[in-house]
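Fold and geometry: a report
As a plain string of letters, each chain reads:
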Amino acid sequence: MTRTLISGGLVVTAADELHADVLIENGVVVALALPGRHHWTAERVFDASGKYVVPGGVDAHTHMELPFGGTFASDTFETGTRAAAWGGTTTIIDFAVQSKGASLRAGLDAWHAKAGGRCAVDYGLHMIMSDVNESTLREMPGLIGEGVTSFKLFMAYPGVFYSDDGQILRAMQQAADTGGLVMMHAENGPAIDVLVEQALARGETDPRHHGEVRKALLEAEATHRAVQLARVAGAPLYVVHVSAREALAEIAAARDLGLPVFGETCPQYLFLSTDNLAEPDFEGAKYVCSTPLRPKDHQAALWRGLRTDDLQVVSTDHCPFCFKGQKELGRGDFSKIPNGLPGVENRMDLLHQAVVDGHLTRRRWIDIACAAPARMFGLYPRKGTLAPGADADVVIYDPHATHTLSAATHHMNVDYSAYEGRTVTGRVETVLSRGEVVLDRGQYLGRPGHGAFLPRSTCQYL
């Protein structure tokens, strides 16, 4: 491994902003120093003058190759992690899926087989529990020992992933005893299914009705219930993809009581809305995801939640399905549209645009995109910061370059962009993963298999 020096840039972490040179050896950051205050030499030197030098992004919520609705997410671990690198994300945490009637171990082994030797950047795994029983509860401590320390449960999708309140309570009790973190998809699935059935019976089949039946109040109700179950269990709770201001209010109220309750939102809820779901000619199907897009007036509450730290993390919930042949499965019946959007390549740029627009500070950008997800899921300070001893996951970022997001130029394996035609200010110039150059000035230099599996410690906010 060559010695690398990144000189002249503004180093931005969640804690600091300083003009500093960064020295990398053997895949880790070994030193930062003020420019001109050292005599370092290196075989490889990057001039970052006028640029930011930031930690690689940590996307703690992706779904590569996820089976859903009779099809599969269109990004493989190979294509999805390559796209992540193009967007300045150098760590993903994906979800292994337990099938109904099978063990957690079988699900975890299946995802290790999908991801192993194929990823361009480093990756961890959460565990989706779709069948909570005495046997699977007994498996949880073993998975935590292997570095799979977070478990996702669903209050939605009866018959597929759904867990009832008793199952959720048992899983939370086990997590409380063993140090695990329960991640919750908080929507009242049985009630939503009633509303779906009634809407279809009325002939309301277009994509916009997906958002109308998955009501904000049913997200808020489920969030409230998840918080109370976690209180009873004495367990921490992480609510995924918060989209509605009413659900955020439940999280904020819990945090005001001092409870270990955390929340994540996603770029789609900050930048898109039900206006997109209502696009004509079935175009709205491109924006079907769950939790659904909300009316634009929810966005201000989510931005405020990010500023006040009632929401700690922005992940993508990257789960792409092509419009042709996949989203089209729901023509004539919105309930058959595969749920999910592409976004792993766009997150860092969209959140930098939020800095430009005045929603966030630079340090908060790095906090919600890099440091907080690394802490939340037991990867800090190896990931999420630039400090001696951290992995040399480094992005040289041009804050002045503009570019237009488009399916014609993105690298995700999907035939549309959720942000088609949106011009953003700020662009990734160079990406290093553990000291290896993965991307440099528009040239991709990465390879499948560079990315390593990351065993994680338990949540570092507890």
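Our structure's up above, just so we're on the same page.
We now turn to the structure provided with this report.

1. Some words on the overall build of the chain
Of the regular secondary structure elements, the chain holds 13 helices and 21 strands. Principal axes of the C-alpha set define a box for the chain whose edges measure 70 × 50 × 40 Å. The buried share among the 462 residues of the chain stands at 61%. On the chain, the mean spot of the 42 positive side-chain charges and the mean spot of the 54 negative ones are 1 Å from each other.

2. Side note on the layout of surface pockets
Space inside the largest pocket adds up to approximately 530 Å³. Along its surface, the largest pocket is lined by 26 residues, and Phe68, Gly69, Tyr157, Val160 and Ser335 are the ones closest to its centre. Secondary structure elements with two or more residues in the lining of the largest pocket: β9 (67-68) and α5 (189-201). With four residues, the single largest contributor to the lining of the largest pocket is α5. Each residue belonging to the lining of the largest pocket can be placed in one class, and the counts come to 13 nonpolar, nine polar and four charged. Approximately 300 Å³ is the volume found for the second largest pocket. As for the second largest pocket, its lining consists of 17 residues, of which Trp86, Glu345, His403, His411 and Arg427 are closest to the centre.

3. Re the nonpolar core
In terms of nonpolar packing, the biggest core is built from 136 residues, with Met172, Met184, Leu237, Tyr238 and Trp365 touching the most fellow members. Among residues more than four places away in sequence, those in contact with Met184 are Leu153, Phe154, Met155, Ile168, Met172, Ala226, Leu237, Tyr238, Val239 and Val240. By size, the runner-up hydrophobic cluster in this structure holds 15 residues, among which are Val11, Ala20, Val53 and Ala392.

4. Brief notes about the packing of helix α7 (residues 216-233) against helix α8 (residues 245-256)
Direction vectors running N to C along α7 and α8 enclose 20°, while the axes themselves pass 7 Å from each other. Regarding the angle of α7 to α8, the classification is roughly parallel. Seen from above, α7 lies across α8 with right-handed handedness. Of the residues in α8, those touching α7 at Ala216, Leu217, Glu219, Ala220, Thr223, His224 and Val227 are Glu246, Ala247, Glu250, Ile251 and Ala254. Class assignment of the residues belonging to the contact of α7 with α8 gives a composition of seven nonpolar, two polar and three charged.

The rules we used
For every chain, the first residue of the written sequence is number 1, and numbering continues from 1 along that sequence. Two thresholds apply to this predicted model, a pLDDT of at least 70 for residue-level local features and 80 or more for giving and counting side-chain atom pairs, whereas whole-chain, interface and lining totals are computed over all residues. For side-chain calculations, the full set of non-hydrogen atoms in the structure is used, while hydrogens and water are omitted. The way it works is that DSSP assigns letters per residue, a run of H or I at least four long becomes a helix, a run of E at least two long becomes a strand, and they are numbered from the N terminus. Summary of the burial criterion: residues with accessible area below 20% of their type's maximum are buried, those above 50% are exposed, and those between are partly exposed, where the area comes from a 1.4 Å probe applied to protein chains only. When charges are tallied, Lys and Arg are placed among the positive residues and Asp and Glu among the negative ones, while His and the ends of the chain are skipped. By convention, the point assigned to a charge is CZ for Arg, NZ for Lys, CD for Glu and CG for Asp. Cavities and pockets are found on a 1 Å grid laid over the protein atoms alone: a cavity is a set of points where a 1.4 Å probe fits but cannot escape, a pocket is an open set with protein on both sides within 12 Å along at least five of seven lines, and a lining residue has an atom within 4 Å of such a point. Grid points are joined across faces, edges and corners, and a volume is the space filled by probe spheres set on the points. Note on residue classes: Ala, Val, Leu, Ile, Met, Phe, Trp, Tyr, Cys and Pro are nonpolar, Asp, Glu, Lys and Arg are charged, and everything else, Gly too, is polar. Here the nonpolar core consists of buried residues drawn from Ala, Val, Leu, Ile, Met, Phe, Trp, Tyr and Cys, with membership extended through side-chain atoms lying within 4.5 Å. By the convention used here, residues are in contact when the closest approach between their heavy atoms is within 4.5 Å. In this description, a line fitted to the C-alpha atoms serves as the axis of each element, helices being fitted only across the stretch in contact, and the angle between N-to-C directions of two axes falls anywhere from 0 to 180 degrees. Oblique is the label for any angle not covered by the other classes, which are roughly parallel (under 35 degrees), roughly antiparallel (over 145) and roughly perpendicular (65 to 115). Here is the rule for handedness: rotate from the far helix to the near one, and if that takes an anticlockwise turn smaller than a right angle the crossing is left-handed, while a clockwise turn gives right-handed.

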